[in-house]
Amino acid sequence: MGHLVIGLGGTGGKVIRALRKQIYAEMRAESPKDVKVGYLYVDSSGEMMAQDDPSWKVLGYSVQLPLGAQLRILGEDLSARLANIDTYAGIKPWIGDRATWGEVLGSIVGAALGGQKRRLGRFLFACKIDQFRKQVQSAVKELQSTGVGEVTFHVVAGLAGGTGSGTIIDVLAQLRDLYDDSLRYRIIPYLLLPERHPNPNWDTGNYHSNGYVALLELNALSTTAYKPWDVTGVRGRLNLRDPFNGAYLFANENENGYQADVDRELPGVLADFLFQKIIIASQVGWRSLERMENAENGDGAPETAPGQKVGERSKRFLSFGIKRVAIPEEEIKEYLTLGFARQAIQQLRFNNWQEAVGFVDEARNVDYGAFVRQADVLARWLLTDEHLTLSVALLPQDDAGRKWKPITQEWDAVLPTFKSLVRERERSTWLDELAKLCQKRFDEDYRNLGVPTFYRTKLKAKKDMAREVRLQVERELFSDWRTGVRSAAEVGRVVEALLDFLRERQAGIDEALAKLGGAIAEWEARLAENSRAWAQMGFLSKSVFGKPDSLLDSHAIYLQELYVRRTRVEAWGFARQLIAEIVTEVTDLKGVIDTIASTMRDALKKVEAGIDQRLGGAAADDLRGHLIRFYDPALVQSVGRTLITDAAEQRTQTNKVRAALIERLGDNQTFTAFKERVDPATLTDTIETVCAQNAQVAHTNLVTNARDRILGVSIIDKLKERFGGDPQELKAFVSKLVTQAGCFLTINPLEVNKSAPGIPAGAQTLTAKYVVILPKAPEQAAFVDALKQAFRMAQPGDLEFIEAEGRQNEITMISIKNLFPARYVHVLPLLLERYEYRLAGNPGRARLELHTEGEGQDFPPLFVKTGDEVQKEAVPYLLLADATGLVHEGRTASGAPQLLLVTKDADGFDNEPIMLGAGLLEAPARIDLTTLGPLRDGVTAALAQPAFGGAEARAALQARILARLDEVKAATGGDPQEARYRAFVEGGKAAVRLLKGEAI
């Protein structure tokens, strides 16, 4: 069998989310292996539809629905549709008063969401009906593509809102219209009733009223009194047989008084129930549940109108309760996973291991200032003086031919050549020529440009050079982080120390330039002195003693020293700007690393919050909630500590985490790429996903003592450990467990025990069944038998045991009640009271907002009428019966006056008269549920006759009614405030409305 879970509105979306998260947590897969499950989430709000919504994640893995399984009923211009309503055949018949719609739409700020207005929810849905049908058919086709023939539609909605409550009727109707075989295509709604005391700001006016009207319409739909208009505009009113098989009603409070949080807990309760129904039932063939949902376990016929066969109050409603006694294995896995995740993040951040503690949340003490000043580090990072001054090439392409020489070597290499050249010239010009060659080298030939032009040109590439430095620094530090040598915090401190060093270099340039200026002046003075000595040489010195060669050699040395320093002045001027650019780049790198560290810090906070949320909840002896955690939290914490303080295991698992993160970067393995590609959600998700596997493996490998194992443990074994030696304690535990279990629906005992016309005497209602799902444990057969016997003693009614494969860690108890009408629901009188109060304020607008079509007057009531209600309803019909001649004066056998109501049968013959008492004042008290129907039918038939059809005839009837009211007034002493007279006045007004064709 295939299953299509359809969620309507916020409640439906939350339940689908909880179900998908549970399936993934249990099976580590989005879809069960042997069960075909599809989904469709319909909502006017997109709050839970974003593909990156973190609330759909289970330890880093998102189970969000694909777009094809979502339908957002928004984006239509409703005002334009209303203005051209004649062109929308599926909307026009039921849309209602246009002026009132103007008020409704005018009150909406922003997009027209359901907004607790049921007819607005229907309007939005009708605009998307074609898409809904297409997506349903596509989902069913997909389910049946593997040979599945039967499909069950699980439709989940809250009845208090506008979207879920407003779309439920049409969703059920359209599903049954598409798939009319109720045995092959079962439709099971799950309907959340409004709670008595909703959270603040949840009730915007229609909260409880919506619940009442939704039940009224669902009841009418089930009894076929409501034939909703086909919103496709194709088929008119839909006359549906079995629009739903059985509808579950549930609330936030179970019958034992336990209250579940509507927003956070209750979706999980229903998801648990669906999981058992869809997944577990498919494995064990839970046929008894299907029979109850199909009302095959008793008389599913509705309660009828008195004396008629017309169904009024459907008995196709059910309720459910679920309680699990479980070793919370998924919660334990999450606890271990998050513990591993915390270790991984602390290793990534600080890499500070301490024995008996693990990786701690604090940095190691290291002198990073000394590290960044090491000569080999500066060389690797292209930050030596030679690199910064371009004495050697910084960019690889700058000196691809390796022709550059460092500044000193450059001048050291050219001066011997220059001396050789000048010696070939006139002796008297040697010094001048040598100086000219050096100046030309400096101005024009140094690296083919001359020193000033070379550095001026290279300034254009300073950003590229700064980026190259950053790249070298970043690659090395990232490599250190990737291999676990350094943590993110340590990398940040290295970069911070590097920035300090660079700023020191910047600050020292002026001093270096000043020293170079002094040296230049010194060498210029020596050159001048040498030139004077040259000029003072005599003939013999120049010609015989070789003094010119020695002066030339000295002059060459002085020029070399001078031009080395002049070149360095230009170089350090360039370096000043280059360092500033490098500081900018490294500062940006520091910002990137700080962002990554901040992301890790935020991830750590999230993980630690998750750890704090685990292993809490109610104590093991508190059996009120739907999940009873049967385990030892202290043992779990102890095992967790053992695993996170195993150095070898933690270094292995944190390496896996780093590898998974780095894999996302591809070939660009830098912190910059990490920041761009690993956002906070990706970081957390990746860490949690990898750590989930790591924790499972670590538990398997390191926890070898069976009594210490906390995963893969049998609940039967644990129960036997606790109660195996004390049968009485076992019986007491099970008895308390069963006593606290109950359906999430409180039943009104006054309605259950009510006896009145239209309620069949002795009819089977509120049939209950209790199911216990146990894991198979053949090795503990004797204890399982004792456990079953304890359940039989605690639950003497209809009890069924199901033994299922897998899920060794839990026992599930499910209670089901069916075959009851909606009037049994304890909160229903409150819902009716709020509905009537809502109508009293602005009845026209209230009815349009609350009812999906019409005003609900033609639908059978949910409650059996009381005597006062019957009398109130009878008065207008009595006045009309009197005015149309159906009431005759007669006498009793003793001769006393007696009014008689005489109606006609289908062939025109008089029916048996109905005695109305001595006068009209007594007549209402003589009408009961048995006679109200014939009275109403007789009046309706009389008014349909031509004699009473015209305006004059109706005016005459009204005059007779007014005259009769004057007689009643006189009979009650002429007091206009007399209670009986006031009742007849109100009845007279209602009678006149009937004459005008209005509802009463």
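All figures in this text were calculated on a predicted structure; none of them were measured in a lab.

A few words now on the overall build of the chain. Helix and strand content of the chain: 35 helices and 20 strands. The globule rule puts the C-alpha radius of gyration for 1000 residues at 30 Å, and the 45 Å found for the chain is more than 25% above it. With the principal axes as the frame, the chain shows a C-alpha extent of 180 × 80 × 55 Å. With an accessible surface of roughly 43300 Å², the chain has 49% of that area assigned to carbon and sulfur atoms. Within the chain, the 132 negative side-chain charges are centred at a point lying 2 Å from the centre of the 125 positive side-chain charges.

Our focus in this paragraph is the sheet that holds strand β19 (residues 897-901). The 3 strands are arranged β18-β19-β20 in an open sheet whose pairing can be described as antiparallel. The outermost strands of the open sheet, each flanked by one partner alone, are β18 (887-891) and β20 (914-915). Of the strand pairs in this sheet, β18 and β19 are connected by 5 bridges, and their pairing is antiparallel. Among the inter-strand pairings, Glu889 is bridged to a residue of β19, identified as Leu899.

What follows is about empty space enclosed by the protein. It is a probe the size of a water molecule, rolled over the atoms, that shows where empty space is left. Scanning the entire structure with this criterion turns up 4 cavities of 30 Å³ or more. Of the voids in this model, the largest cavity is the one considered here, and its volume is about 70 Å³. Gly321, Ile322, Lys323, Ala741 and Gly742 are the residues nearest the centre of the largest cavity, which is lined by 16 residues in total. Those elements that provide at least two residues to the lining of the largest cavity are β11 (317-326) and β17 (810-820).

With that settled, consider the packing of helix α17 (residues 462-482) against helix α18 (residues 488-535). Closest axis-to-axis distance for the α17/α18 pair is 10 Å, and the angle between their directions is 155 degrees. Considering the angle they form, α17 stands roughly antiparallel to α18. For the pair α17 and α18, the sense of crossing is right-handed. On α18, the residues touching Val473, Leu477 and Trp481 of α17 are Ala488, Val491, Val494, Val495 and Leu498.

Any two aromatic rings considered together are summarised by their centre-to-centre distance and by the angle between their planes. All chains considered together, the criterion is met by 32 aromatic pairs. Geometrically, the ring pair formed by Phe371 and Trp381 is edge-to-face, given 5.9 Å between the ring centres and 75 degrees between the ring planes. Of the two residues, Phe371 sits in helix α11 (residues 368-372) while Trp381 sits in the loop between α12 (375-380) and α13 (385-388), which places them 10 residues apart along the sequence. A relative accessible area of 0% means that Trp381 is categorised as buried. Each ring, one from Phe454 and one from Tyr455, has its centre 4.9 Å from the other, and the planes form 80 degrees; the classification is edge-to-face. By the burial criterion, Phe454 is buried, and Tyr455 matches it. Put simply, the rings of Tyr190, Tyr248, Phe250, Phe273 and Phe320 touch in pairs and so form one group of aromatic residues. One Lys or Arg, Arg20, reaches over the ring of Tyr39 and ends 4.8 Å from the middle of that ring.

Right, let's get into the side chain of Thr567. Topologically, Thr567 is positioned in helix α20 (residues 547-613). Discounting chain neighbours no more than four positions away, the residues touching Thr567 are Ile407, Trp411, Phe442, Tyr446, Val451 and Tyr455.

Turning our attention to the environment of Arg17. Locating Arg17 in the fold gives a position in helix α1 (residues 9-27). Assessed through its relative accessible area of 17%, Arg17 is described here as buried. Residues within four places of Arg17 in sequence aside, it is in contact with Met48, Ser55 and Trp56.

For the pair helix α31 (residues 867-883) and helix α34 (residues 951-971), the least separation of the axes is 9 Å and the interaxial angle reads 115 degrees. Put simply, α31 runs roughly perpendicular to α34. Where α31 crosses over α34, the handedness of that crossing is right-handed. Contacts between α31 and α34 involve Leu879, Leu880, Asp882 and Ala883 on the former and, on the latter, Leu957, Arg960, Ile961, Arg964 and Leu965.

Domain parsing of the chain yields domain 1 (2-327 + 825-850), domain 2 (331-362 + 615-702), domain 3 (370-595) and domain 4 (867-996). Each of domain 2 and domain 4 has a C-alpha centre, and the two are 80 Å apart.

A cluster of acidic residues, Glu833, Glu836, Asp868 and Glu869, forms a negative patch at the surface. Of all the secondary-structure elements, those providing two or more residues to the negative patch are α29 (828-841) and α31. Turning to its location among the elements, Glu869 is positioned in helix α31.

Another aspect to go through is the pattern of salt bridges. Taken as a whole, this structure holds 75 salt bridges when the rule is applied. Notably, a salt bridge pairs Glu433 with Arg425, separated by 2.4 Å at the nearest N-O pair. On the basis of relative accessibility, which here comes to 18%, the residue Glu433 falls in the buried class. Residue Arg425 is classed as partly exposed on the basis of its relative accessible area, which comes to 37%.

Excluding glycine, a negative phi dihedral is what most residues carry, and trans is how most peptide bonds are arranged. Unlike most non-glycine residues, Thr224 shows phi in positive territory, near 70 degrees. If you trace the backbone, Thr224 turns up in the loop between α7 (207-222) and β8 (247-250). Residue classification places Thr224 among the partly exposed positions, given a relative accessible area of 34%. One non-glycine residue with positive phi stands out, namely Leu819, at about 60 degrees.

What follows is about the nonpolar core. Core analysis: the biggest nonpolar cluster contains 142 residues, and Trp381, Trp411, Trp481, Phe671, Ile687 and Phe791 have the highest contact counts within it. Counting residues per element, this core draws most heavily on α20, which supplies 26 residues. In terms of nonpolar packing, the next biggest core, distinct from the first, is built from 78 residues, Leu82, Leu178, Leu249 and Leu831 among them.

Compared with the 30 Å implied by 1.5 Å per residue over 21 residues, the 29 Å span of α17 between its first and last C-alpha is a close match. For α17, every residue scored as buried is listed here: Met465, Ala466, Glu468, Val469, Arg470, Val473, Glu474, Glu476, Leu477, Phe478, Asp480 and Trp481. Looking at the residues trailing α17, positive phi occurs at Gly484, about 85 degrees.

Time to look at the environment of Ala647. Mapped onto the elements of the fold, Ala647 is located in helix α22 (residues 647-663). When its relative accessible area of 26% is taken as the criterion, Ala647 is described as partly exposed.

Among the 8 residues in strand β7 (residues 185-192), 8 count as buried, and that is most of the element. The side-chain alternation of β7 yields two buried faces, one formed by Tyr185, Ile187, Pro189 and Leu191 and the other by Arg186, Ile188, Tyr190 and Leu192. Each parallel crossover has a hand, and the one from strand β6 (residues 151-158) via helix α6 (residues 163-178) to β7 is right-handed. Where β7 meets β8, 3 bridges bridge the pair, whose relative direction is parallel. When the bridges of β8 are listed, Leu191 appears paired with Leu249. Remark: the β7/α7/β8 crossover connection has right-handed handedness.

Both strand β15 (residues 767-775) and strand β16 (residues 799-804) contribute to a ladder of 6 bridges, which runs parallel. When the sheet's bridge partners are listed, Leu774 is paired in β16 with Glu803. In the classification by handedness, the crossover that spans β15, the intervening helix α28 (residues 781-794) and the parallel β16 is right-handed.

For the rest of this paragraph, the subject is α29. Helix length check: α29, at 14 residues, gives a terminal C-alpha distance of 21 Å against a target of 20 Å (1.5 Å per residue), a fit within 8%. Three or more residues of α29 are buried, namely Leu828, Leu830, Leu831, Leu832, Tyr835 and Leu839. On its buried side, α29 packs onto α7 and α30 (843-850).

Conventions adopted
Throughout, a residue's number is its position along its own chain's written sequence, starting from 1. Two thresholds apply to this predicted model, a pLDDT of at least 70 for residue-level local features and 80 or more for giving and counting side-chain atom pairs, whereas whole-chain, interface and lining totals are computed over all residues. To obtain the side-chain values, all non-hydrogen atoms of the structure were included, while hydrogens and water were left out. A helix here means a DSSP run of H or I that spans at least four residues, while a strand means a run of E at least two residues long, and both kinds are numbered starting from the N terminus. Atoms counted for the radius of gyration: C-alpha only. Globule rule: 2.2 Å times the number of residues to the power 0.38. Accessible surface area values rest on a Shrake-Rupley calculation with a 1.4 Å probe, where residue burial reflects the displayed protein chains alone. Only four residue types enter the tally: Lys and Arg on the positive side, Asp and Glu on the negative side, with His and both chain ends excluded. Lys charges are placed at NZ, Arg charges at CZ, Asp charges at CG and Glu charges at CD. Think of it this way: DSSP has to see at least two bridges between two strands before they count as a pair. Note on definitions: the grid is 1 Å and covers protein atoms alone; a cavity is a set of points where a 1.4 Å probe fits but cannot get out; a pocket is an open set with protein on both sides within 12 Å along at least five of seven lines; lining residues have an atom within 4 Å of a point. Grid points are joined across faces, edges and corners, and a volume is the space filled by probe spheres set on the points. Helix axes are fitted only over the stretch in contact, all axes being lines through C-alpha atoms; the angle between N-to-C directions runs from 0 to 180 degrees. In this scheme, roughly parallel covers angles under 35 degrees and roughly antiparallel covers those over 145, while 65 to 115 is roughly perpendicular and the rest are oblique. Note on convention: near helix rotated counterclockwise from far helix by under a right angle means a left-handed crossing. Clockwise means right-handed. Between two residues, a contact is recorded if the distance between any of their heavy atoms is within 4.5 Å. Stacked, edge-to-face and tilted labels apply to pairs of Phe, Tyr and Trp rings (six-membered ring for Trp) whose centres lie within 6.5 Å, assigned for plane angles under 30 degrees, over 60, and everything in between, in that order. Buried residues are those whose accessible area, probed at 1.4 Å on protein chains only, stays under 20% of the maximum for their type, while exposed residues exceed 50% and partly exposed ones sit between those limits. Sitting over a ring, as applied to charges here, requires NZ of Lys or CZ of Arg to be within 6 Å of the ring centre and within 35 degrees of the ring normal. Note: domain ranges come from an automatic or database domain assignment. Each patch is built from residues that are more than 30% exposed by relative accessible area and take part in no salt bridge. Like charges join if they lie within 9 Å; nonpolar side chains (Val, Leu, Ile, Met, Phe, Trp, Tyr) join within 5 Å. A side-chain nitrogen of Lys or Arg and a carboxyl oxygen of Asp or Glu constitute a salt bridge if their distance falls within 4 Å. Joining through side-chain atoms within 4.5 Å is the link that ties buried Ala, Val, Leu, Ile, Met, Phe, Trp, Tyr and Cys residues into a set, and such a set is a nonpolar core. By this rule the span expected of a helix is its residue count minus one, scaled by 1.5 Å. Place the viewer so that the strands point away; then a crossover is right-handed whenever the path from the first strand over the helix to the second strand goes clockwise.

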